[in-house]
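Observations on chain architecture
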Amino acid sequence: MDQPNRDRLNELMARMATGDDAAAISLYREFGPAIRPGVAVVARRLHASHLTPEDIDGIVLDVCLDLLKRAGSWDPNGGALPWVWAERRVLRIVSDFVGQYGSPFDESFPPGHEPEGGGVALSEPDLGEDETLDRLARRLPTVALFAEALEAVTDRERNRHVLLLYELQRSSGDPSPALTVGQVHGMKPAAVRKCVERTKRALITLAASEARFAAIAGLPILAAIAAA
């Protein structure tokens, strides 16, 4: 693997040290491939062989957002790359994700009280939310902007699909959308919720830091987490 561009890395970390949210997203976009192997190594140390490439990618985004809070303490002259310097934080982030992934039930329903049938049963071929988004994007500029932002904050199709399906189920009255989406994607409900929250926070960060994406912050899909 090519060595990271240290000048560009130093620039992004310096911007992050000033609270520049956009720089954290840029770190994810530009240096994600360099961060992923380290995250995968930590996952193996935790015997988390079940994590998918999409899971690893989501953790990488979490690492970048976490580095945003600590960038001011990183010394560019210290030699260690930021994600190596923050190894203990990476370990905690992976460990937290593995714990979420291992949760066997949607906490909104106590064990033994899940909705009958385990949520709303769906099968992959029946899902049309991606096509619906594409159709709306061709007609509505704000939706087109949202679709562009969604691709900007995650390059994993599954993570985008999880968010869209989760919101579709929630708006349709599914009492346990995380359980339903988990059945489709082979994920635990807590892992679904983590994926949805992470993606939404990345979208809100992008909207707040890049003026051309500002309009998506007012979309209902982001309203609840933005107000939290």
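Note that the structure is predicted; figures quoted are calculated from it, not measured.

1. Brief notes about the overall build of the protein
What the protein contains, in helices and strands, is 11 helices and 0 strands. When the helices and strands of the protein are read in sequence order from the N terminus, they spell out α-α-α-α-α-α-α-α-α-α-α. When the 228 residues of the protein are sorted by exposure, 47% land in the buried category. Excluding contacts between residues fewer than 6 apart, the proportion of contacts in the protein whose partners are at least 24 apart in sequence is 71%.

2. Digging into the pattern of salt bridges
Under the counting rule described, the total for this entry stands at 16 salt bridges. Between R8 and E30 there is a salt bridge; the shortest N-O distance is 2.7 Å. Of this pair, R8 sits in helix α1 (residues 6–17) while E30 is found in helix α2 (residues 21–45), placing the two residues 22 residues apart along the sequence. Here the salt bridges share partners, and the residues they tie into one network are R8, E11, R15, D20 and E30.

3. Digging into the nonpolar core
Ranked by size, the top nonpolar core spans 63 residues in total, and within it M16, L27, V39, V63, F146, L203 and I216 carry the most contacts. The dominant element in this core, judged by the number of residues it contributes, is α2, at 10 residues.

4. Considering the confidence of the model for the protein
Overall, the predicted model of the protein reaches an average pLDDT of 76, with 78% of residues at or above 70. Between the elements of the protein, mean pLDDT differs from a low of 53, seen in helix α6 (residues 129–139), to a high of 93, seen in α1. Here residues 102–128 is modelled with pLDDT under 50, and outside its nearest four sequence neighbours on either side it reaches 46 contacts, counting other chains as well.

5. Structural notes on the packing of helix α8 (residues 157–171) against helix α10 (residues 189–209)
Following both chains from N to C, one finds α8 and α10 inclined at 100°, their axes separated by 9 Å at the closest point. What the angle tells us is that α8 and α10 run roughly perpendicular. For the pair α8 and α10, contact is made by N159, V162, L163, Y166 and E167 and by V192, C195, V196, T199, K200 and L203, respectively. Residues of the contact of α8 with α10, tallied by class, amount to 7 nonpolar, 2 polar and 2 charged.

6. Observations regarding helix α3 (residues 53–70)
Every α-helix winds through 3.6 residues per turn, so residues three or four apart in the chain are directed the same way. The end-to-end C-alpha separation of α3 is 26 Å, in line with the 26 Å expected for 18 residues at 1.5 Å each. Counting buried residues in α3 gives 14 out of 18 residues, a clear majority hidden from the surface.

7. Regarding α8
For α8, built from 15 residues, the straight-helix expectation of 21 Å at 1.5 Å per residue is met to within 8% by its first-to-last C-alpha distance of 21 Å. With respect to burial, α8 is a largely interior element, 11 of its 15 residues being buried. The set of residues buried in α8 consists of R158, N159, R160, H161, V162, L163, L164, L165, Y166, E167 and Q169. A positive backbone phi angle near 95° is found at G173, which sits one or two residues after α8.

8. A short note on the side chain of T154
The topology assignment puts T154 in the loop between α7 (141–153) and α8. The buried category is assigned to T154, whose relative accessible area is 3%. What T154 contacts, discounting residues up to four positions off in sequence, is Y28, D57, N159 and R160.

Calculation criteria
- Residues numbered from 1 in each chain as written.
- Predicted model: local features only at pLDDT ≥ 70, side-chain atom pairs only at ≥ 80, totals over all residues.
- Heavy atoms only, no water.
- Helix = DSSP H or I, 4+ residues; strand = E, 2+ residues; numbered from the N terminus.
- Buried < 20%, exposed > 50% of the residue type's maximum accessible area, 1.4 Å probe, protein only.
- Contact = heavy atoms within 4.5 Å.
- Salt bridge = Lys/Arg side-chain N within 4 Å of Asp/Glu carboxyl O.
- Core = buried A, V, L, I, M, F, W, Y, C linked by side-chain atoms within 4.5 Å.
- pLDDT = per-residue confidence, 0-100.
- Axes fitted to C-alpha atoms, helices over the stretch in contact; angles between N-to-C directions.
- Parallel < 35°, antiparallel > 145°, perpendicular 65-115°, else oblique.
- Nonpolar A, V, L, I, M, F, W, Y, C, P; charged D, E, K, R; others polar.
- Expected span 1.5 Å × (residues − 1).

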